[in-house]
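Chain and residue survey
Spelled out, the chains give:
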Amino acid sequence: MARPALAIDERVGKDGQRELRLSGDWTLTALPAPVAALQATLREHAARRPVWDLTDVARLDSAGAVLLWQAWGRRWPEALTATAEQRAILERAAALPPSAEFSRGRGTRAQQRLDWLSWPLIVVGTLLFKAVRNLREVVTLIGQLVLDLGYLFAHPRDIPWREFSATLYKSGALALPVTALVGFLIGIVLSYLSSLQLKTFGADIYIVNLLGISIIRELGPVIVAVLVAGRSGSAMTAQIGVMRVTEEIDALATMGISRTLRLVLPKVLALAVTMPLLVVWCAAAGIIGGMVSANVEMGLAYGFFIDTLPRVVPVANVWIGIGKGFLFGFLIALIACHFGLKVRPNTESLSARTTSSVVTAITVVIIVDAIFAVLTRGVGMPV
Amino acid sequence: MTPVIQLRGIVTRFGRTVIHDGIDLDVESGQILCLVGGSGSGKTTLLREIVGLLEPSAGEVRLFGERVLDPDPRVRRDVRRRFGMLFQHGALFSALSVFDNIAFPLRELRLLDEDTIRDLVYMKLAMVELGPDHARLMPAELSGGMVKRVALARALSLEPELLVLDEPTAGLDPDLADNFVHLIGTLQRQLGFSVVMVTHDLDTLAGLATRVAVLAERRIIVCCSPAEVLNVDHPFIHSFFCSEHARAVMKRKTSPSADQ
């Protein structure tokens, strides 16, 4: 639809007095594409102090008014002809506080950024304080969970079985296919790569020791932890976070239901129970994958593999794997719930906390795994 | 002059349920139309069809003479820039401050420089009677009434010719609701836009509407001025408008003497 374009018409009267007649639509939709050009023209005209005549302007909206007001240098021109309605709109622009007031407080931030010497210190310091604060809050959460457990011992009727079993199903049963697939493929790859090396030494049969120890003790728990942190940890953070955004957590609180007891505790306990089972499942898939690959690659018989496995891999390794699974599950759920409860009611915070939750969970799992490796270095190794 | 809104033969079906069965409606420029109807009569659905969030099963919606769901994306975009919508819960972007929420549509135009945008945002804030110090707040820090005002400022930021309101006063206490209705009325008189709204609130209806469209039995049974609608004989209109309280409200607000 063609709209009347805005126009500026300048006339010079006999006495040398310039008259500026504006016409057309001075509205946001009718503004010409480079507004800067129009602004420059207006400023140029304004510098010559003409009589402004707006009576021919068909429509004037706040965008047009702001442009005029800016051109006038944020004050009324000496001579202005306008209708009462136009004046009312211009009054609005006139009521704007001077621009200096908006920019207060901006300068200080720019100065901070310039100070490059202290910048790394500020970044590291902020991170450190954040980490310490998170740690303290997680410890508080653990303390609250212990208190809740004590309460549940005294009042077994309040145990949230439904939430517990729901988490068991969602993060355990539904994760079976993906953990099996990933475990199986890792087993194949590991077995294939190792067999290439072992063959050159003629040490083919050590593939059983290698796969058994590495998958059961290390890879199984860590792979499951990474998968579960990405799958269930993020889901828990997002769920609790959305409940914060929609005030559902506050609703729970007003019903006298403890959020830690109803939301956090069942998730933490259920994941601590599920993870060891998933570790066993994933490790089994990994061993099977390795066995298949060893059979294809080196012709190692299945019967021999299964026979040898218990002899060369002490059973302590299985317990270490299960123990890690328990600890990792506990940590992932705890971290996920902690970040979920920290979500502030906006979408940006939700996405940031979900990211922190997954990243922190995986990092913590790997750190704890390293500590575990050091502490158990004398346990479960074949003699 | 083409009507601002033109609905022709709108049919809406969800599965086997028929919500609307052939709705025709025209809204002329400068009118304030209020859609009323029982719960589940499809008022909000019709509103969503008007703004193009939902495609009717049959029929056509035209805004300013253009199809809302035109195949050409540029026509669609231009139509959408000519109306503003106020959602029931404000639908402010929670990650952006009040200032950025109102500036967002202006920035999307890619036409104005930051200084002009800033001036415009503060003007809109002043229009909805909020001060410059509110601009830095985040939506989560606002009270219910303020959320509505900011959302109204955002809906007005592109100088719309049509304002679409979904339950503008739901969730506000009567005093705030009165204020808000008064604000919309004042702005409408000053800026001259048309308004379509859905409301349950008789005070809002009586305080603002120049026309009332009643949705019942899957169609618009009547579309006329608030004073005339009282004379229509229909069970829904009886129960909605003719309770003791409703009659009092309608009398007080629609009689010319009440306007001082």
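Residues numbered from 1 in each chain as written. Chains lettered and ligands numbered in written order. Predicted model: local features only at pLDDT ≥ 70, side-chain atom pairs only at ≥ 80, totals over all residues. Heavy atoms only, no water.

**Comments concerning the overall build of chain A**
What chain A contains, in helices and strands, is 14 helices and four strands. A compact globule built from 383 residues should have a C-alpha radius of gyration of about 21 Å, whereas chain A, at 35 Å, is more than 25% larger. Dimensions along the principal axes, computed over C-alpha positions, put chain A at roughly 115 × 60 × 50 Å. Considering only intrachain contacts with a sequence separation of at least 6, the fraction spanning at least 24 residues in chain A is 78%. (Helix = DSSP H or I, 4+ residues; strand = E, 2+ residues; numbered from the N terminus. Rg over C-alpha atoms; globule rule 2.2 N^0.38 Å. Contact = heavy atoms within 4.5 Å.)

**Brief notes about the overall build of chain B**
On a plain count of helices and strands, chain B comes out with 10 helices and 10 strands. If you line up chain B on its principal axes, its C-alpha atoms span 55 × 45 × 35 Å. Every one of the 260 residues in chain B was classed for burial, and the buried ones make up 53%. Residue pairs in contact within chain B that sit at least 24 positions apart in sequence constitute 64% of those at least 6 positions apart. In the form shown here, chain B has an accessible surface area of approximately 11,600 Å², with 49% of it arising from carbon and sulfur atoms. Of the side-chain charges in chain B, 29 are positive and 34 negative, and the distance between the mean point of each set is 4 Å. (Buried < 20%, exposed > 50% of the residue type's maximum accessible area, 1.4 Å probe, protein only. Areas by Shrake-Rupley, 256 points an atom, 1.4 Å probe, with all protein chains shown as cover. Lys, Arg positive; Asp, Glu negative; His and termini not counted. Charge placed at Lys NZ, Arg CZ, Asp CG, Glu CD.)

**Let's talk about a nonpolar patch on the surface**
On the surface, A:Val189, A:Tyr192, A:Leu193 and A:Leu196 cluster together into a nonpolar patch covering about 350 Å² of accessible area. Its location among the elements puts A:Tyr192 in helix H8 (residues 176-201). (Patch = residues over 30% accessible without salt bridge, like charges linked within 9 Å, V, L, I, M, F, W, Y side chains within 5 Å. Salt bridge = Lys/Arg side-chain N within 4 Å of Asp/Glu carboxyl O.)

**Remarks on the interface of chain B and chain A**
Many analyses report the size of an interface as the accessible area lost when the parts associate. Between chain B and chain A, the contact holds 27 residues from the first and 29 residues from the second. For the pair chain B and chain A, the summed buried area comes to about 2,300 Å², and 60% of that belongs to carbon and sulfur atoms. Looking at the side of chain B facing chain A, the largest losses of area belong to B:Leu111, B:Asp119 and B:Met123, adding up to 26% of the total buried there. Looking at the side of chain B that touches chain A, the elements that each hand over two or more residues are helix H4 (114-127) and helix H6 (174-191) of chain B. By residue number, the principal contributor to the side of chain B that touches chain A is H4(B), which donates nine residues. Its residues assigned to classes, the side of chain B that touches chain A shows 14 nonpolar, four polar and nine charged. (Buried area = accessible area lost by both parts, 1.4 Å probe. Nonpolar A, V, L, I, M, F, W, Y, C, P; charged D, E, K, R; others polar.)

**A word on the sheet that holds strand E1 (residues 5-14) of chain B**
Within a beta sheet, neighbouring strands are joined by backbone hydrogen bonds and run either parallel or antiparallel to one another. Residues and elements named next belong to chain B. The strand order across the open sheet formed by four strands is E2-E1-E4-E5, and the pairing between neighbours is antiparallel. In the strand order of this sheet, the two ends are held by strand E2 (17-27) and strand E5 (66-67), each with one partner. Running at roughly 125° to E1, helix H1 (residues 43-50) makes contact with E1, E2 and strand E4 (58-63) of the sheet. (Pairing = 2+ DSSP bridges. Axes fitted to C-alpha atoms, helices over the stretch in contact; angles between N-to-C directions.)

**As for helix H1 (residues 35-47) of chain A**
A rise of 1.5 Å per residue sets the reference length of H1(A), with its 13 residues, at 18 Å; its end C-alpha atoms lie 18 Å apart and thus fit the reference within 8%. Taken residue by residue, H1(A) has A:Val35, A:Leu38, A:Gln39, A:Leu42, A:His45 and A:Ala46 as its buried positions. One side of H1(A) carries all its buried residues, which in axial view fall inside an arc of 125°. Residues of H1(A) that are exposed and angled more than 90 degrees away from the buried face: A:Ala36 and A:Ala47. Looking at the buried positions of H1(A), the neighbouring elements they touch are strand E1 (7-12), strand E2 (18-26), strand E3 (51-60) and helix H2 (62-71) of chain A together with H4 of chain B. Just beyond H1(A), the residue with positive phi is A:Arg49, at close to 50°. (Expected span 1.5 Å × (residues − 1). Arc of directions from axis to C-beta.)

**Re the pattern of salt bridges**
The full count for this structure, using the stated rule, is 23 salt bridges over all chains. Overlapping salt bridges bring together B:Glu60, B:Arg62, B:Arg67 and B:Asp70 as one network.

**Some thoughts on the domain arrangement of chain A**
Along its sequence, chain A is carved into domain 1 (7-94) and domain 2 (160-375). Using only C-alpha atoms to locate each centre, domain 1 of chain A and domain 2 of chain A end up separated by 69 Å. (Domains from an automatic or database assignment.)

**A short note on the environment of A:Leu68**
All names here are of chain A. For leucine 68, the location among the structural elements is in helix H2. Note on leucine 68: relative accessible area 0%, which makes it buried. As for leucine 68 and alanine 46, which are separated by 22 residues in sequence, their C-alpha atoms are 9.3 Å apart. Setting aside residues no more than four positions away along its own chain, leucine 68 makes contact with Leu22, Trp26, Leu42, Trp52, Leu54, Leu60 and Leu90.

**Points about the pairing of strand E8 (residues 194-198) of chain B**
Residues and elements named next belong to chain B. In terms of burial, E8 is largely enclosed, as five of its five residues are buried. Alternating residues of E8 divide into Ser194, Val196 and Val198 and Val195 and Met197, and every residue in both groups is buried. Looking at chain direction, strand E7 (residues 162-166) and E8 are connected through five bridges and run parallel. Considered in E8, the bridge of valine 164 is made with valine 196. Handedness of the β-α-β unit built from E7, H6 and E8 comes out right-handed. (Right-handed = clockwise from strand over helix to strand, strands pointing away.)

**Topic: helix H7 (residues 161-172) of chain A**
One turn of the α-helix equals 3.6 residues, which is why residues spaced by three or four share an orientation. If you check H7(A), its first and last C-alpha atoms are 16 Å apart, about what 12 residues at 1.5 Å a residue would give, namely 16 Å. Buried residues belonging to H7(A) abut H8, helix H9 (207-245) and helix H11 (259-298) of chain A.

**Things to note about the nonpolar core**
One finds A:Trp26, A:Trp52, A:Leu68, B:Val36, B:Leu152, B:Val214 and B:Phe241 to be the most contacted residues of the largest nonpolar core, which totals 90 residues. Ranked by residue count, the leading element in this core is helix H5 (residues 144-156) of chain B, at eight residues. Counting 41 residues, the second largest nonpolar core, distinct from the first, contains A:Leu145, A:Leu331, A:Phe339 and A:Val365. (Core = buried A, V, L, I, M, F, W, Y, C linked by side-chain atoms within 4.5 Å.)

**Here we look at the packing of aromatic side chains**
Ring pairs (aromatic) are described by centroid distance and by the angle formed between their planes. Tallied over the entire structure, the rule returns seven aromatic pairs over all chains. Taking 5.6 Å as the distance between ring centres and 50° as the angle between the ring planes, the aromatic pair formed by B:Phe99 and B:Tyr122 counts as tilted. In this pair, B:Phe99 is assigned in helix H3 (residues 98-108) and B:Tyr122 in helix H4, connecting sequence segments 23 residues apart. As far as the burial class goes, B:Phe99 and B:Tyr122 line up, both buried. Following the ring pairs from residue to residue traces out a cluster consisting of A:Trp52, A:Trp69, A:Trp72 and A:Trp76. (Phe/Tyr/Trp six-rings, centres within 6.5 Å; stacked < 30°, edge-to-face > 60°.)

**Re the side chain of A:Asp369**
As for its placement among the helices and strands, A:Asp369 is situated in helix H14 (residues 347-375). Excluding residues that lie within four positions of it along the chain, A:Asp369 makes contacts with A:Glu218, A:Val222, A:Lys324 and A:Phe328.

**Some words on unusual backbone geometry**
Residues and elements named next belong to chain B. A positive phi is found at arginine 110, a non-glycine position, where the angle reads about 55°. Position of arginine 110 among the secondary structure elements: in the loop between H3 and H4. You can call arginine 110 exposed: its relative accessible area is 68%.

**Side note on the sheet that holds strand E3 (residues 32-37) of chain B**
Residue and element names in this part refer to chain B. One open sheet accounts for six strands, arranged E6-E7-E8-E3-E9-E10; its pairing is mixed. Only two strands of the sheet have a single neighbouring strand rather than two, namely strand E6 (83-86) and strand E10 (219-224). On average, each strand axis in the sheet is tilted by 15° relative to the strand beside it, whichever way the strands run. The sheet contact formed by strand E9 (residues 211-216) and E10 spans five bridges and is antiparallel. Paired with valine 214 across the two strands is valine 222, which belongs to E10.

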